[in-house]
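# Residue-level structure breakdown
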Amino acid sequence: MPFPQPNSDKMVVRRIPHHSIEQTAANMRDLAWEGQTSPRVRQFAIEALRRVKPKDALSEVGALYHTTCREIHYLADPLGSEFLQHPEVTINTAAGDCDDMSILLASTLLMSELLSVGYPVRYKLVGFRNQPFSHVFLEAQINGKWVVLDPVAGSATAQMLKDVTSEKVFNL
């Protein structure tokens, strides 16, 4: 069954300067919660989890993370703009930046009513080398520990974390 294409109102676009980091995080949170009820996002999650043993927390989170890494191409926002995409837009275009990938991943991990997945997640905004916040990634709580899920950094996550000089956490 084909799903309808998302319309342009599923994107939040703001020009820089931002009103506030808190407003950006709130917009990201709203898009993630809206996305978790989307049939298109559900299908993305089902495909990622097809071969994973149910209720195996680490494997479920890993499958969703690796599918996002594999299927979504990093594409920076246009210079001077900040786009926040609904997860359907990210799936359908197979592209997005760090906030878009974080929103998509959060949507799939919040799906406790739809799938066996349902983990506490939070966004972490970070700055590097004493510069302003410039990157965001998702963390999921698994067995009482927060695990970094950064599709942009990928295998370089450990090095990226060493370069962080400022951070701010936003719970979903």
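Structure first, text after, so check above.
Presented here is an overview of the structure given in this document. What you see is a predicted model; the values in this text were computed from it and never measured. (Residues numbered from 1 in each chain as written. Predicted model: local features only at pLDDT ≥ 70, side-chain atom pairs only at ≥ 80, totals over all residues. Heavy atoms only, no water.)

### Examining the packing of helix H1 (residues 21-35) against helix H5 (residues 98-109)
Selection rule: Axes, fitted as lines to C-alpha atoms, cover a helix only where it is in contact. Angles between the N-to-C directions of the axes lie from 0 to 180 degrees. Numbering goes from the N terminus for both helices and strands, where a helix is a DSSP run of H or I of at least four residues and a strand is a run of E of at least two. An angle counts as roughly parallel when it lies under 35 degrees, as roughly antiparallel when it exceeds 145, as roughly perpendicular when it falls between 65 and 115, and as oblique in every other case. Note: crossing handedness is left-handed where the near helix turns anticlockwise from the far helix by less than a right angle, and right-handed where it turns clockwise. Here, residues are in contact when the closest pair of their heavy atoms is within 4.5 Å. Lys, Arg, Asp and Glu make up the charged group, whereas Ala, Val, Leu, Ile, Met, Phe, Trp, Tyr, Cys and Pro make up the nonpolar group; the residues left over, Gly among them, are polar.
With their axes 8 Å apart at the nearest point, H1 and H5 run at an angle of 40 degrees to one another. If you check the angle between H1 and H5, you find them oblique. Between H1 and H5 lies a crossing whose hand is right-handed. Counted together, Met28, Leu31, Ala32 and Gly35 of H1 and Asp99, Ser102, Ile103, Ala106 and Ser107 of H5 form the full contact between these two elements. Here the contact of H1 with H5 is composed, by residue class, of 5 nonpolar, 3 polar and 1 charged.

### Concerning the pairing of strand E5 (residues 121-128)
Rule in force here: Throughout, exposure labels follow a simple rule: accessible area from a 1.4 Å probe, protein chains only, divided by the maximum for the residue type, with under 20% read as buried, over 50% as exposed, and the rest as partly exposed. Two strands qualify as a pair provided that DSSP identifies no fewer than 2 bridges between them.
The buried fraction of E5 amounts to 8 of the 8 residues, a majority that puts the element mostly inside the structure. Where E5 and strand E8 (residues 164-171) come together, 7 bridges link them in antiparallel fashion. Bridging from a neighbouring strand, Tyr123 pairs with Phe170 of E8.

### Focus on the pairing of strand E6 (residues 133-142)
For E6, the buried fraction is high: 7 of the 10 residues fall into the buried class. Pairing of E5 with E6, which is carried by 7 bridges, proceeds in the antiparallel orientation. Looking across to E6, one finds that Leu125 is bridged to Val136. Once E5 ends, the chain turns through 4 residues before running back antiparallel as E6, passing Arg129 with a positive phi of about 50 degrees. Across 5 bridges, E6 lies against strand E7 (residues 145-149) in antiparallel orientation. What sits directly across from Gln141, in E7, is Trp146.

### Focus: the sheet that holds E8
Strand order in the open sheet formed by 4 strands is E7-E6-E5-E8, and the pairing between neighbours is antiparallel. Looking at which strands have only one partner, the edges of the open sheet turn out to be E7 and E8. For this sheet, the mean inter-axis angle between neighbouring strands, taken without regard to orientation, is 35 degrees.

### Some remarks on the layout of surface pockets
Rules: Cavities and pockets were defined on a 1 Å grid built over protein atoms only: a cavity is a set of grid points that admits a 1.4 Å probe from which the probe cannot escape, a pocket is an open set flanked by protein on both sides within 12 Å along at least five of seven lines, and lining residues are those with an atom within 4 Å of any such point. Grid points are joined across faces, edges and corners, and a volume is the space filled by probe spheres set on the points.
Taken as a whole, the second largest pocket spans an internal volume of roughly 180 Å³. Every residue lining the second largest pocket is listed: Arg40, Gln43, Phe44, Glu47, Ala48, Thr67, Arg70, Glu71, Ile72, Ile91 and Ala94. Only helix H2 (39-49) and helix H3 (57-71) provide two or more residues apiece to the lining of the second largest pocket. Take the lining of the second largest pocket: its biggest share by element is 5 residues, from H2. Of the residues belonging to the lining of the second largest pocket, the class tally is 5 nonpolar, 2 polar and 4 charged.

### Some words on the nonpolar core
Where we set the bar: As used here, the term nonpolar core means buried Ala, Val, Leu, Ile, Met, Phe, Trp, Tyr and Cys residues forming a set that is joined through side-chain atoms within 4.5 Å.
In this structure, Leu109, Tyr123, Leu138 and Leu149 are the most contacted members of the largest nonpolar core, which totals 37 residues. Within the residue set of this core, elements represented by two or more residues are H1, H2, H3, H5, E5 and E6. Among the elements that take part in this core, H5 stands out by supplying 7 residues, more than any other. When residues no more than four places from it in sequence are discounted, the contact partners of Leu138 are Ser102, Leu105, Ala106, Leu109, Val121, Arg122, Tyr123, Val147, Val148 and Leu149. Grouped together as the second largest cluster of nonpolar side chains are 6 residues, Val126, Phe128, Phe137 and Met160 included.

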